[in-house]
Structures are given as structure tokens and as C-alpha cells.
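Chain residues, written in single-letter form:
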Amino acid sequence: MSERLSDQLRERAAKALISYAIFRWESAAMLALTLILAVLVPIKVPFLPWWLWLILGTLGEVGVIVTSLYDPAVRERVVAEMFREKFNPREIRNKEYRTRIEKALEYRKQMEVLLQHTRDGALKVHLQATIDDVADWIGNMFRLARKLDLYGLDSVLKRDLQTVPREIQALEQRLQNETDIKVREQLKQSLANKRAQWQHLDMLDNTIERAVLQLDDTLSAMGTVYAQMQLISAKDIDSGRAQRLRADVAAQINSLHDIVETMDQVYAQSALTQTWTEEREG
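Keep in mind that what you see is a predicted model, and the values were worked out from it rather than measured.

Chemist: Help me understand the overall build of the protein chain, please; the structure alone is not making it clear to me.
Modeler: Assigned secondary structure in the protein chain consists of 10 helices and 0 strands. When burial is assessed residue by residue, the protein chain has 39% of its 282 residues classed as buried. By sequence separation, contacts in the protein chain at least 24 residues apart represent 79% of the contacts at least 6 residues apart. About 16600 Å² of surface is accessible on the protein chain, with carbon and sulfur atoms providing 56% of the total.

Written out as C-alpha cells, the structure reads:
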């Protein structure tokens, strides 16, 4: 079984936090100050050994790193930046889809803030699990938004949606007026091919419309989950409210996954039918 997206992101977040802690400006300042003191102070104060400042500097550096790793504000900022890098809204050209991803990332960020301000215990464990699920949720949202963006830029698809109905109408008119048997048979075949092409184009168009609605519904559901997370208290763990919240998130993840898979299948079938039709007409 492949590693979950949330697990991958948690591992990346840990590495990002460590990297931030080591390379933040306070660490650089501590290193520079340590080297300066180790060189200059023994000259002015001979009875203070140079290695003492190295020890003190090392302890200070460890303190900076540990403080960074356990600082909620630092974690929130680093994780938020990592998510925006992984699911970069700027990769989506369509403004409406891009805005939805930006809002989803903001919900995720605020959930992380809520988590960092929750005391350790069962409630925090459940909130962390829910946020991990939300990572997969956003991943599917981003995937769906990119596909919608891609299909929206498909000039061939736009052209066919406009021209195929007119071509069907023209073939039907020619068939009514044609008297030659062989030509009529060819026209019937061409008409059948065009109708098959239109059927898949229409299915794809309807699927895209459903996907846009699903994206809106998902964003609304994410806002609801965030509101519920704010209302959940420790006593709700035993009542099953937290478990039901995770079940709601899982249902949304599955819905997004299904609509993405459907779009892929219908689009592939539409492209195959178009190619086959063009070859037959050619």
C-alpha cells in the first residue's frame, strides 16, 4: 500500500522544521558570536579558555533549535509554507479554481493553529488525525482543480463542443436529401460516429459541471469541519463526535476521488472516440 499523502507531508514538515531551526538567522548570529568570543575574549582575558565559549555557543545553538522545534507559531508558519509549496495555487490559471484552493489552504492553516493551542491528550490526538485526513482532502481538491483547469484550456475540446452538434445536423440534412444507396450508407456510418463522439463529449461536459459543483461543496464542507473542530471539547471524544467528524472528512475524500477518476475515464473515452472518428473520416 502506498504511503498516505498526510504521512509524506508530516515527514516533510519535520524536515522543514529542523532545517528552519538550523538555518534561521538566530542560529547564524549565535555561531558568529561564538566564534568572535572564542577568538577575542582569550586575548583580553587569558584565564578564560577559548573552548569555554565553544561550549556555551553550542548550548545556545541547541537552545535555539529546540525552541524552534517546539514553538507553535514557528510550526504553524513552516507547515503553512510547505503546504503552499506542495499545493501551489499559482499553478492553477483559472481564478475561481485558484481561489478555492487558497481558501482550502487557509482552512488547513487555521486548523493547525487550533491544534497547536490544544493541550496534549486524547482530543489533540483526534484533532491531529483529522488534520492529517484534511491533507489528503486538499490533495484531491488540488488534483481536481488542476484537471478542471486543464480541460478549460483544451481548445480542441471547446471546438468540438461547438462544432460536433452542427456537423451532426448537417449530416442528417444530407442523409435526407441523398438518393444514392452507397453514399447514404457512408453518411449513416459518419452520422453514427459523430453521434458517438457527441455522446462522450456531452458526458464529459456534464462530468466537468458536476466536478465544479463538487469543488464548491467540498470547500463548504471543509468550512463546516473547521467550525466543528472549534466546538469539539474533550468530553466529545467519548461521545464519538470526533470519530464522526473524521468519517465526514473520509466521505468527502472518497467523493473527490470518485469524481476525479470519472473525469479521467470519460475524458480518455472522449479522446479515443474523437481519434477513431477522425481516422474513419480521413
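Chemist: Hey, could you run me through the nonpolar core in this one?
Modeler: One broad rule of soluble globular proteins: the nonpolar side chains tend to lie buried together. Residues M111, W137, M141, L144, L148 and M222 are the most contacted members of the largest nonpolar core, which totals 51 residues. Sorting the residues of this core by element identifies α4 (72–86), α5 (95–116), α6 (122–152), α7 (155–177), α8 (181–231) and α10 (241–281) as the ones contributing at least two each. Non-local contacts of M111, meaning those with residues more than four positions away in its chain, are made with I131, V134, M222, V225, Y226 and M229.

Chemist: Explain the packing of α5 against α6 to me, please; I cannot follow it from the model alone.
Modeler: A packed helix pair is summarised by two numbers, namely the angle formed by the two axes and the spacing between the axes. Where α5 meets α6, the axes come as close as 10 Å, and the angle between the chain directions of the two elements is 170 degrees. As judged from the angle between their axes, α5 and α6 are roughly antiparallel. In contact with Y97, R100, I101, A104, L105, R108, M111, E112 and L115 of α5, α6 contributes K124, L127, Q128, I131, V134, I138, M141, F142, A145, L148 and D149. A breakdown of the residues in the contact of α5 with α6 according to their chemical character gives 14 nonpolar, 1 polar and 5 charged.

Chemist: I'm lost on the pattern of salt bridges in this one. Help?
Modeler: Oppositely charged side chains may form a pair once their charged atoms are brought near each other. Summed over the entire model, instances satisfying the criterion amount to 8 salt bridges. A salt bridge links E91 to R146; the nearest nitrogen and oxygen atoms lie 3.2 Å apart. Here E91, found in the loop between α4 and α5, pairs with R146, found in helix α6; they are 55 residues apart in sequence, far enough to count as distant. A residue is classified by how much of its surface remains accessible, and E91, at 39% relative accessible area, is partly exposed. A relative accessible area of 43% places R146 in the partly exposed class. A salt bridge links E185 to K188, with the shortest nitrogen-to-oxygen separation between them at 3.9 Å.

Procedures and definitions
- Residues numbered from 1 in each chain as written.
- Predicted model: local features only at pLDDT ≥ 70, side-chain atom pairs only at ≥ 80, totals over all residues.
- Heavy atoms only, no water.
- Helix = DSSP H or I, 4+ residues; strand = E, 2+ residues; numbered from the N terminus.
- Buried < 20%, exposed > 50% of the residue type's maximum accessible area, 1.4 Å probe, protein only.
- Contact = heavy atoms within 4.5 Å.
- Areas by Shrake-Rupley, 256 points an atom, 1.4 Å probe, with all protein chains shown as cover.
- Core = buried A, V, L, I, M, F, W, Y, C linked by side-chain atoms within 4.5 Å.
- Axes fitted to C-alpha atoms, helices over the stretch in contact; angles between N-to-C directions.
- Parallel < 35°, antiparallel > 145°, perpendicular 65-115°, else oblique.
- Nonpolar A, V, L, I, M, F, W, Y, C, P; charged D, E, K, R; others polar.
- Salt bridge = Lys/Arg side-chain N within 4 Å of Asp/Glu carboxyl O.

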